[in-house]
Amino acid sequence: MILLDRVTKSYGKDLSPAVDRVSLFIEPREFVILVGTSGAGKSTLLKLLTREEKPTSGKIVVGGIDYDTLKDSHIPMLRRKIGVVFQDFKLLPQRTVFENIAFALEIAGMTRHEIKNTVPKVIELVGLTGKEKQFPHQLAGGERQRVAIARAVVRQPKILIADEPTGNLDPKHSWDIIRLLEKINKYGTTVLLTTHNADIVNKLKRRVITLEHGKITGDQAEGSYRQ
Amino acid sequence: MAKKKLDSKAFAAQKRGRRRLLTFFRIIKYGVDNFVRNSWLSVAATAVMTITLLIILVVVATRVVLTDTVSDLSNKIDMSIYLKTDTTDEAGAELKAKVGELSSVRTVTYVSAEEARAKIAEANSDDPAVLAAINEATNRNPATLRVVVKDINDTTQLEKFVATDTLIKEHLSADYKPSFAGERREVIKSIGRAVNFIQQIGVVVGAIFVVISSLIIFNTISMAIFNRKEEIQMMKLIGADKSFIRGPFLIEAIIYGVIAALIATGLGVWGLFSVADTLASYQIAIQPALDLVKNFALIGLLGMIVIGSTIGIISSLFATRRYLKI
């Protein structure tokens, strides 16, 4: 599903590379946790996957799409196949819950009929039924992240990238979000999660990839958080 | 089989077309929604746009009024070619026709000796002494050709004609030189130069104003877009096409343009009509401008909408460009 072959990204000749010859293979339907201190290269790695950054060298293939041959004009199409969730939610502040989720379908040119059918199901999946007409600022942090997840999965992407989705949440809501990600993974979506939360990493017992100084220093099938 | 393939192709094309139309309507809807929901920014941007359009309107109106006033003035400045007192009306008519044929001449009128005398009498009708003098006098007034040229700075053709044409030389008054020569001509020329200068200044000042206010609009729209750069970033990341991200901003800019054009045109027309009487009392030719407004108000409004929207669209294009790279 995700293949990285000796991928390097450096931002300047004199700086040490942010991602240094990383090779990685993630199977379809896998649930992978990416851990590492700030500056270890997690964010850069995710940006390479969403094509916000181009690698200095190396090969990236996601969902059968080879990034070397991907035209700039096809990047939006690629991004529609990858769902992304951020620590700071990145919702449209002026739009309601329903509109925020529908937006992901509108940009793909879906009809109103399709949108009216699909969005309520996703809202139910993330447990926000009854809050469709509320605006982001009227919601609690955990609820906002649910909206963001709903927006990311409404197009049924093959891959969901969640970059520190629990970073701004208290433990209880963090676990709600993690359970939701597990549910989405169970339905068949590959999930790539980054987190600093040792408790989550240790209890989930999933594959854990550790990044340090841009290099992979650990890859365990049922990993735990190493300090 | 071949037919079936064609059908499915046509169906796909039809579906694509429908989606494109749907996307187009969504872009408009998002633009309108953004305008309404970001009301504070909308008001600010529309206000700046209104001021810009008002400045453009004032500059254009001033130019029109100035040009009209000047041409009014230069129509009043006529040059006199004095003829001999014994010039017959027939000869006068012939000379009038010849001068009228010159390309630099706008109008020419022939005033015979009797008419000249009558005019003096009329002008001095409340001065018995002058009237008595006219009646007593035995000498006759010279007949005159009153010439209004198209450009008061350019009298060379007329001068050359007077100097070379045999018929006019024959009838030219010996006592009075034509008024385009000498002192009076210098006065006329300096008025002409002042007019040109004022018009040029008007164009330059107007252009500077338009450039400055376009920059202000660009800044306002840039700030509005800067405030929403995270939103743009997010749209990109969930796979929105560039046109889908940029489109609503352009629609917003067009809305600013339309509303600003309506307000500015309304204010401008109201302003012009309310100062019309005052200006007219200062001998300023305001009437042609008023007629222009009455006859071409709709075209003017459309022009303002086009100018406002264009400035807005260009500003938006520049301001969004930097956030739309991959």
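Here the structure is a predicted model, which is why all the values come from computation and not from measurement. (Residues numbered from 1 in each chain as written. Chains lettered and ligands numbered in written order. Predicted model: local features only at pLDDT ≥ 70, side-chain atom pairs only at ≥ 80, totals over all residues.)

(A) A look at the overall build of chain B. Scanning chain B from N- to C-terminus turns up 11 helices and 3 strands. Counting helices and strands in the order they occur from the N terminus, chain B gives α-α-β-α-β-α-α-β-α-α-α-α-α-α. Referenced to the eigenvectors of the C-alpha coordinate spread, the extents of chain B come out at roughly 105 × 55 × 30 Å. In chain B, which comprises 326 residues, the proportion classed as buried is 27%. Looking at chain B alone, contacts between residues at least 24 apart form 87% of all its contacts between residues at least 6 apart. (Helix = DSSP H or I, 4+ residues; strand = E, 2+ residues; numbered from the N terminus. Buried ≥ 20, exposed ≤ 12 C-beta atoms within 10 Å, placed from the backbone. Contact = placed C-beta atoms within 7 Å.)

(B) Structural detail: the pairing of strand E9 (residues 207–212) of chain A. Residues and elements named next belong to chain A. Where strand E3 (residues 31–35) lies against E9, 4 bridges are found, and the strand directions are parallel. In the strand pairing of E9, Leu-34 is matched with Ile-209. Direction of pairing for E9 relative to strand E10 (residues 215–220): antiparallel, over a ladder of 5 bridges. Bridge pairing links Leu-211 to Ile-216 in E10. Hairpin connection between E9 and E10: a loop of 2 residues separates the two successive antiparallel strands, and His-213 in this loop has a positive phi of roughly 50°. (Pairing = 2+ DSSP bridges.)

(C) Geometry of the domain arrangement of chain B. With domains assigned, chain B is organised as domain 1 (26–72 + 192–321) and domain 2 (84–172). Computed over C-alpha atoms only, the centres of domain 1 of chain B and domain 2 of chain B are separated by 51 Å. (Domains from an automatic or database assignment.)

(D) Inspection of the interface of chain A and chain B at higher detail. Counting residues at the interface gives 19 residues for chain A and 16 residues for chain B. Listed by contribution, the elements that provide at least two residues to the side of chain A that touches chain B are helix H2 (75–81) and helix H3 (97–106) of chain A. The leading source of residues in the side of chain A that touches chain B is H2 of chain A, at 5 residues.

(E) Representation of the sheet that holds strand E2 (residues 105–111) of chain B in the model. Residue and element names in this part refer to chain B. Spatial ordering of the open sheet is given by E1-E3-E2, a layout of 3 strands whose pairing is antiparallel. Where the open sheet ends on each side, the last strands, each with one partner, are strand E1 (79–82) and E2. Pairwise comparison of adjacent strand axes, ignoring direction, gives a mean angle of 20° for this sheet. As paired elements, E1 and strand E3 (residues 144–149) share 4 bridges and run antiparallel to each other. (Axes fitted to C-alpha atoms, helices over the stretch in contact; angles between N-to-C directions.)

(F) Up close: the sheet that holds strand E5 (residues 65–66) of chain A. All names here are of chain A. Sheet architecture is open: 4 strands sit in the order E2-E1-E4-E5, paired in antiparallel fashion. Edge positions in the sheet fall to strand E2 (19–26) and E5, since each of these pairs with one other strand and no more. Direction of pairing for strand E4 (residues 57–62) relative to E5: antiparallel, over a ladder of 2 bridges. Within the sheet, the bridge partner assigned to Val-61 lies in E5 and is Asp-66.

(G) Focus on the confidence of the model for chain B. Across chain B, the average pLDDT comes to 81, with 92% of residues at 70 or higher. Scored as a complex, the prediction yields pTM 0.72 and ipTM 0.83. (pLDDT = per-residue confidence, 0-100.)

(H) Broad picture of the packing of helix H10 (residues 242–281) of chain B against helix H11 (residues 287–321) of chain B. Residues and elements named next belong to chain B. Orientation of H10 relative to H11, taken along the N-to-C sense of each, is 150°, at an axis distance of 7 Å. By the angle class used here, H10 and H11 are roughly antiparallel. For the crossing formed where H10 meets H11, the hand is right-handed. Its residues assigned to classes, the contact of H10 with H11 shows 21 nonpolar, 9 polar and 1 charged. (Parallel < 35°, antiparallel > 145°, perpendicular 65-115°, else oblique. Left-handed = near helix turned anticlockwise from the far one by under 90°. Nonpolar A, V, L, I, M, F, W, Y, C, P; charged D, E, K, R; others polar.)

(I) A look at unusual backbone geometry. Residue and element names in this part refer to chain A. For Arg-6, which is not a glycine, the phi torsion comes out positive at approximately 45°. Among the structural elements, Arg-6 can be located in strand E1 (residues 2–9). Note on Arg-6: 12 C-beta atoms within 10 Å, which makes it exposed. At Arg-21, a position not held by glycine, the phi torsion is positive, near 45°. With respect to the helices and strands, the residue Arg-21 is situated in strand E2.

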